[in-house]
Amino acid sequence: MTYREGQFLSIELPDGEIRSYSMANAVVEAGEIELHIRLHPHGKFSTIVRDSLAAGDHLKVHGPFGSCVWPTSLSADERVVLLATGTGIAPINALMEAAIRSGCENPMWLYWGAESRADLYLYDRFEQLSRIYRNFHFIPVLNAPDPDPDWDGERGLVQEVAARHHADLSSAYVYACGAPRMVAGAKALLTARNRLSADRFFADAFESSSTAVPHVAETAERIPIIVAGSGKLEANRGTTLMETLRDARLIMGVCGGAKSCGTCRVVVDSEWFERLTPADRGEKRLLRSLEESGPWDRLACQVVLTPELADLQISIPL
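Everything numeric in this text was worked out from a predicted model, so none of it was measured.

K.L.:
Hey, could you go over the side chain of threonine 244 for me, with residue numbers and the actual values?
P.N.:
Among the secondary structure elements, threonine 244 is positioned in helix α6 (residues 241-247). The exposure class of threonine 244 is buried, given its relative accessible area of 9%. When neighbours within four sequence positions are excluded, threonine 244 is seen to be in contact with Ile225, Leu233, Glu234, Ala235, Thr239 and Leu305.

Set out below in structure tokens:
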């Protein structure tokens, strides 16, 4: 698999459910991929990993996905602020490995938040890197209500700590990976208070596509849509086009609507395209990053189905 640091892959479980994980290492010629997986006590994939998965077993993997990658043009004096919570450190670690390998001298600030010191499982690695590379700064943050009494580092939310340290982010790039609440909070805070341009905010807050968007009751008004090659489907009013196509197993919808995978890309009939709510900046950016994207393409996760879209005509790229 050829990928760019900051992207993620998805593992398909035997029953068709999807679990997504970011690559945690920079690309290597040997093709090895490192993932950081939190083992939940009763998690479906956690149970497989913990109890039955063995060396030599096969997994069905899709990808790579995502546009949370290093900027193609970066002047030497531009800051890069990296925010992570939990295993969201995985893509950040890959980005950092790639930057160090390329000889990047830009100022880099890493803020990593967790509930306890033990959860910062790469703490020693980042501390060592901060001593070796003068342009790299590591700021660990504990966000638990009752943190370790011996902790002498930062406390609170990573985005708020970063906001205090960087009053003006107008010429910086910010990467946020981890809990969706942190990612959303970081974007809102830093663009409103710290002059960060939305075009310079990158994130990968993907969620399980099977639980990311709740379904509307079957008694809701039904909206017909027409899919080339698959005929007419009926969707619940107020849901997204992605949900209907995913439930019909026509697409994957990996990120559940977070605009970070591109697996729900559809081609809208030209006569219908202008009737849709215009794509926002995040959707446009992801579509531009997809090699096969065309002028009539949209992300199905961003198309909310209303009565005005009855008989919407689309096709699904091969």
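Further notes follow.
K.L.:
Please provide a residue-by-residue account of a nonpolar patch on the surface, values included.
P.N.:
Residues Met1, Ile33, Leu53, Leu59 and Val61 make up a contiguous nonpolar surface patch of about 380 Å² in total accessible area. Following the sequence through the fold, leucine 53 ends up in the loop between α1 (44-51) and β3 (60-65). For leucine 53, a relative accessible area of 32% translates into the label partly exposed.

K.L.:
Break down helix α2 (residues 89-101) for me, citing the residues and quoting the values.
P.N.:
In this model, α2 (13 residues) spans 18 Å end to end at C-alpha, consistent with the 18 Å of a helix rising 1.5 Å per residue. The set of residues buried in α2 consists of Ile89, Ala90, Pro91, Ile92, Asn93, Ala94, Leu95, Met96 and Ala99. Buried residues belonging to α2 abut β2 (18-22), β4 (80-85), β5 (108-114), α3 (123-132), β6 (136-142) and β8 (173-177).

K.L.:
Give me the side chain of serine 67: which residues, what numbers.
P.N.:
Along the chain, the position of serine 67 falls in the loop between β3 and β4. In contact with serine 67, not counting residues within four places along its chain, are Phe202, Ser260, Leu286 and Ser289.

K.L.:
Can you break down the pattern of salt bridges residue by residue, with the values?
P.N.:
Using the criterion set out here, one finds 18 salt bridges in the structure. Here aspartate 124 and arginine 117 are joined by a salt bridge, their closest N and O atoms 3.6 Å apart. A salt bridge links aspartate 247 to arginine 246, with the shortest nitrogen-to-oxygen separation between them at 3.7 Å. Residue classification places aspartate 247 among the partly exposed positions, given a relative accessible area of 48%. Since its relative accessible area comes to 11%, arginine 246 is described here as buried.

K.L.:
Describe the sheet that holds β5, listing the residues and the values that go with them.
P.N.:
Read across the open sheet, the six strands follow the order β7-β6-β5-β4-β8-β9; overall the sheet is parallel. The two strands at the open ends of the sheet, each matched to only one other strand, are β7 (154-155) and β9 (201-203). Where β4 meets β5, six bridges bridge the pair, whose relative direction is parallel. Looking at β5, one finds that leucine 83 is bridged to tyrosine 111. In the packing of α3 onto the sheet, the strands contacted are β5 and β6, and the crossing angle to β6 comes to about 145 degrees.

K.L.:
For the environment of arginine 131, give the residues involved together with the corresponding values.
P.N.:
Here arginine 131 is to be found in helix α3. Sequence separation between arginine 131 and valine 158 is 27 residues, and the spatial gap between their C-alpha atoms is 21 Å.

K.L.:
Explain unusual backbone geometry to me, using residue names and the numbers behind them.
P.N.:
In this model, glycine 63 is joined to proline 64 through a cis peptide bond whose omega is 0 degrees. By the element assignment, proline 64 lies in strand β3. Even without being a glycine, arginine 195 presents a positive backbone phi close to 65 degrees. Position of arginine 195 among the secondary structure elements: in the loop between α5 (180-193) and β9. With relative accessibility at 56%, the residue arginine 195 sits in the exposed group. We note that aspartate 311 has phi near 70 degrees; this positive angle belongs to a residue other than glycine. The exposure class assigned to aspartate 311 is partly exposed, which follows from its relative accessible area of 31%.

K.L.:
Go over helix α4 (residues 158-165) with me, naming the residues and quoting the values.
P.N.:
Val158, Gln159, Val161, Ala162 and Ala163 are the residues of α4 that are buried. The secondary structure elements touched by the buried residues of α4 are β4, β5, β6, β7 and α5.

Reading the values: rules and limits
- Residues numbered from 1 in each chain as written.
- Predicted model: local features only at pLDDT ≥ 70, side-chain atom pairs only at ≥ 80, totals over all residues.
- Heavy atoms only, no water.
- Helix = DSSP H or I, 4+ residues; strand = E, 2+ residues; numbered from the N terminus.
- Buried < 20%, exposed > 50% of the residue type's maximum accessible area, 1.4 Å probe, protein only.
- Contact = heavy atoms within 4.5 Å.
- Patch = residues over 30% accessible without salt bridge, like charges linked within 9 Å, V, L, I, M, F, W, Y side chains within 5 Å.
- Areas by Shrake-Rupley, 256 points an atom, 1.4 Å probe, with all protein chains shown as cover.
- Salt bridge = Lys/Arg side-chain N within 4 Å of Asp/Glu carboxyl O.
- Expected span 1.5 Å × (residues − 1).
- Pairing = 2+ DSSP bridges.
- Axes fitted to C-alpha atoms, helices over the stretch in contact; angles between N-to-C directions.

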